Amino acid sequence: MGVDLFWFLPTGGDGRYLASPVGGRDANFGYIKQVAQAVDELGFVGVLLPTGRFCEDAWIFASSLVAVTQRMKFIVALRPSLTQPALAARFASTFDRVSNGRLVLNVVTGGSKFDAAADGVFLDHDLRYDQTDEFLTIFRRLVSGDQNVTFDGEHFHIQGGMLAFPTLQKPYPPLYFGGSSDAGHRTAAKHADVYLMWGEPLNQIAEQIASVRRYAEEQERTLRYGLRIHVIVRETEQEAWDAANNLIRYISDDTIETAQTLLATTDSVGQHRMTQLHGGKRDKLVIAPNLWAGIGLVRTGAGTALVGDPDQVAARLLEYADLGIDTFILSGYPHLEEAHRTAELLFPRLPLNKHDNTDIRFEPVPGYEFSAAAMADFARKR
């Protein structure tokens, strides 16, 4: 089975060390363009753009990079708690058409309740997933071509919804979905194309896959599976571990304590799973062969990295692939140099899928000149 390798665009900032201004880099457009063009030329399938209040807006940044890249796909966040599904469908359709079918959608239900509150969202954890379920029910109907979408739910209401300009990818751009709680598993199984996890030991990943797969079978659906994880790969194992330790060299115990105290307040099950891997302890960072949790000492989200020489890191990735994972979203600090290093050292050791976008082309949609006469005719047909 082949695998897809994506990279990460650090629109919240980048650098050579964690939690330190030493070697830091601004996430300005010029730098992010360098990373994106490197990813495009090196042959990664695409990039994940982060979302939230501590990074640039993913839709605007991705749109600005379409014209300066040729092949790579953009994984851009759908935020059900912040966007109406009809508007999100127009965003998705326009981006997919303008980019010639290079859009992937990452459904983000939400992280901590504090981040949600800062964006004006005050639903509790499970209610956010109920809202996401309604959002995706409407969204999928719109982007699949339903020209008369009516829905009356607890969180969303729509009458006569439609999407005039369809997406190029059929039935719509792939939906990626992360969420480690039972509510997250159920919602992913009902709607997602690819279920995403953060890097955990193999047995814990296998448990999550089994849970989602069981719920998907109840829905008579089949999902694919993906992993979001960092990589620290060097020509020798010792060099890789030296690089890992160097990445956190400026992190003080006080910084770790502060970060872990904040992370403990989240209602994100996935985040709790990350912090439980190391418990905030420097001497408990190696949690499985070549799997290191040092990044999670001070940052939210994906907190683990595969550390080792090229053969070791490739072997660990293939072990995840044996569990059913075919999509890996990788990253490394700093992201420009590490994209090159990863391509050089890992690509030759992995069975990479071949991708060709030449069969997707932008085509105008006839019959949608929205003059008064055309809109009247459209209304009569309905």
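Presented here is an overview of the structure given in this document.

Calculation rules
- Residues numbered from 1 in each chain as written.
- Predicted model: local features only at pLDDT ≥ 70, side-chain atom pairs only at ≥ 80, totals over all residues.
- Heavy atoms only, no water.
- Axes fitted to C-alpha atoms, helices over the stretch in contact; angles between N-to-C directions.
- Helix = DSSP H or I, 4+ residues; strand = E, 2+ residues; numbered from the N terminus.
- Parallel < 35°, antiparallel > 145°, perpendicular 65-115°, else oblique.
- Left-handed = near helix turned anticlockwise from the far one by under 90°.
- Contact = heavy atoms within 4.5 Å.
- Nonpolar A, V, L, I, M, F, W, Y, C, P; charged D, E, K, R; others polar.
- Salt bridge = Lys/Arg side-chain N within 4 Å of Asp/Glu carboxyl O.
- Core = buried A, V, L, I, M, F, W, Y, C linked by side-chain atoms within 4.5 Å.
- Buried < 20%, exposed > 50% of the residue type's maximum accessible area, 1.4 Å probe, protein only.
- Pairing = 2+ DSSP bridges.
- Right-handed = clockwise from strand over helix to strand, strands pointing away.

Attention now moves to the packing of helix α3 (residues 85-98) against helix α5 (residues 125-143). Running from amino to carboxyl end, α3 crosses α5 at an angle of 45 degrees, the nearest separation of the two axes being 9 Å. With respect to each other, α3 and α5 are oriented oblique. Crossing geometry of α3 relative to α5 is assigned as right-handed. Along the contact surface, α3 presents P85, A86, A88, A89 and A92, while α5 presents F135, I138, F139, L142 and V143. The class makeup of the residues in the contact of α3 with α5 is ten nonpolar, no polar and no charged.

Following the criterion strictly, the structure yields 14 salt bridges and no others. Across the pair D4 and R224 runs a salt bridge, and its minimum N-O distance is 3.9 Å. Here D4 is found in strand β1 (residues 4-8), whereas its partner R224 is found in strand β11 (residues 224-233), with 220 residues between them in sequence. A salt bridge links D115 to R53; the shortest N-O distance between them is 2.8 Å. In this pair, D115 sits in helix α4 (residues 113-118) while R53 sits in the loop between β4 (46-48) and α2 (58-66), placing the two residues 62 residues apart along the sequence. Put simply, D4, R224 and D326 are held in one network by salt bridges that share partners.

Core analysis: the largest hydrophobic core is formed by 79 residues, its most contacted members being W7, L49, F74, L78, F139, I325 and F328. Here the element with the most residues in this core is α5; it accounts for seven residues. Core analysis: the second largest hydrophobic core is formed by 17 residues, I232, I256, W292 and L297 among them.

As a further point, take helix α6 (residues 182-191). Taken across its ten residues, α6 has seven buried, putting it largely inside the fold. Turning to α6, the residues buried within the fold contact α5, β9 (175-178), β10 (194-198) and α7 (202-218).

Here the focus is the environment of D356. Tracing the backbone shows D356 in the loop between α12 (335-346) and α13 (372-381). For D356, a relative accessible area of 51% translates into the label exposed. Taking C-alpha positions, D356 is 8.3 Å from R71, a pair spaced 285 residues apart along the chain.

Extensive coverage of β11 is indicated by the burial of nine of its ten residues. Sheet topology note: the β10/β11 ladder contains five bridges and is parallel. The residue of β11 that forms the bridge with V194 is R224. After leaving β10, the chain enters α7 and then returns to the sheet as β11, a path that is right-handed. Examined bridge by bridge, β11 and strand β15 (residues 325-331) share six bridges and lie parallel to one another. Bridging from a neighbouring strand, Y225 pairs with I325 of β15. Two elements, β11 and strand β14 (residues 305-308), share four bridges in a ladder whose sense is parallel. In the strand pairing of β14, V231 is matched with L306.

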